Amino acid sequence: MEIIAAETHSYLRAKKKFPNVWCAGCGIGIALGAIIRAIDNLKLDRNDVAMISGIGCSSRMPVYVDFNTLHTTHGRALAFATGVKLANPKLKVIVITGDGDGLAIGGNHFIHTCRRNIDITTILINNSTYGMTGGQYSPTTPFMKLGTTAPYGNRERDFDICSLAKSAGATFVARGTVYHVTLLEKLVQQAILKKGFSLVEVISHCHTFYGRLNKEGTAVKMMEWQKEHAIPIQAAAKLPPEKLKDKFLIGTMWDVDFPEYCEEYDKVIAQFQVPPEDSEGKK
Ligand SMILES: Cc1ncc(C[n+]2csc(CCOP(=O)(O)OP(=O)(O)O)c2C)c(N)n1
Ligand code: SF4
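Model, not experiment: these values are computed from the prediction.

**A short note on the site of ligand 2**
- Neighbouring ligand 2 are Trp22, Cys23, Cys26, Cys57, Asn127, Gly131, Cys206, His207, Thr208 and Phe209.
- Each residue belonging to the shell around ligand 2 can be placed in one class, and the counts come to six nonpolar, four polar and no charged.

Structural data, given as structure tokens:
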């Protein structure tokens, strides 16, 4: 266990950037641990990893890790990541975003990046709220739940992120939770290995704002809720509909192949490249 912890700590910018901004008990740190272990298990050289984010508590993650990192502007991480990946397709590009950053202000980038099928792994930490700015409702706040901007209950439906990504064209889609951390580690690994746009939705908790407003209790209580409401997708196939009421699925939701954008782009470039001998002859 100590060896694993030491490995994980070796990826942190512990001396320069700590203490971190996260509240004690927040799920974002658990997700970070799972992501680091996934990268370590895959034996990726940390110089070949680029971690890119927007703005939010979840989007602070790249600040704390010793990869190539970019902490960009709210909602635009996927646009920056697309540029990085096209400039250097050898990099493993991992985007960290939140339900606000990735689906509200960044929703347009999200659907089009899914559709483009560029080889980027997006890890979307879904805590059903805007944590960083104090608990405003987000595109994943459930119907009738409270936010500081929804004091009488949110009257909009929440996005099903995995269905959205699948229908927009993502080639790998999975959902995990910060409670089921071993599964999360495996899903992140699978997502990183996938050639094409991969999404891992991570169900997490913001006990400080969402939990307090909605009387959902401590961080531990909110993680117990994750434990009690998540059903592995294989198990769900054998259960009657009444057992699935109010539950959500975890595991790999979708895994298909489609031509990857950088490779397609290279084909277009190759089509118009003049061979060196021809260009010399023209001089
Ligand atoms: C252009 C712009 N608009 C609004 C903000 C304010 N803002 C910062 S973080 C954030 C929401 C973050 O929510 P989410 O992505 O769900 O992350 P969390 O903090 O919950 O992890 C907002 C609205 C901003 N920084 N920039
Ligand atoms: S405000 Fe919420 S999301 Fe942000 S660090 Fe605290 S618990 Fe986590």
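**What to know about the sheet that holds strand S8 (residues 198–203)**
- Taken in spatial order, the eight strands make up an open sheet running S2-S1-S3-S4-S8-S7-S10-S9, and their pairing is mixed. Each end of this open sheet is capped by a strand with a single partner; those strands are strand S2 (68–71) and strand S9 (230–232). Here the average twist between neighbouring strands, direction ignored, is 20°.
- The sheet contact formed by strand S4 (residues 120–126) and S8 spans six bridges and is parallel.

**Description of the packing of helix H6 (residues 107–116) against helix H7 (residues 161–168)**
- Close contact between H6 and H7 brings their axes to 7 Å; oriented N to C, the two are set at 50°. One element, H6, and the other, H7, form an angle in the oblique class. Residues Phe110, Ile111, Cys114 and Arg115 of H6 pack against Ile161, Leu164, Ala165 and Ala168 of H7.
- Counted by class, the contact of H6 with H7 contains seven nonpolar, no polar and one charged residues.

**Digging into the packing of aromatic side chains**
- What the rule picks out here adds up to six aromatic pairs.
- Look at Tyr11 and Phe67: their rings are 5.7 Å apart centre to centre, the planes differ by 45°, and that puts the pair in the tilted class. Residue Tyr11 is located in the loop between helix H1 (2–9) and helix H2 (14–17), and its partner Phe67 is located in the loop between strand S1 (49–53) and S2; the two are separated by 56 residues in the primary sequence.
- Overall, Phe67 belongs to the buried group, its relative accessible area being 5%.
- Ring centres of Phe18 and Tyr64 lie 5.2 Å apart, and the angle between their planes is 65°; this geometry places the pair in the edge-to-face category. Of the two residues, Phe18 sits in the loop between H2 and helix H3 (27–41) while Tyr64 sits in the loop between S1 and S2, which places them 46 residues apart along the sequence.

How each quantity is defined
Residues numbered from 1 in each chain as written. Chains lettered and ligands numbered in written order. Predicted model: local features only at pLDDT ≥ 70, side-chain atom pairs only at ≥ 80, totals over all residues. Heavy atoms only, no water. Near = heavy atom within 4 Å. Nonpolar A, V, L, I, M, F, W, Y, C, P; charged D, E, K, R; others polar. Pairing = 2+ DSSP bridges. Helix = DSSP H or I, 4+ residues; strand = E, 2+ residues; numbered from the N terminus. Axes fitted to C-alpha atoms, helices over the stretch in contact; angles between N-to-C directions. Parallel < 35°, antiparallel > 145°, perpendicular 65-115°, else oblique. Contact = heavy atoms within 4.5 Å. Phe/Tyr/Trp six-rings, centres within 6.5 Å; stacked < 30°, edge-to-face > 60°. Buried < 20%, exposed > 50% of the residue type's maximum accessible area, 1.4 Å probe, protein only.

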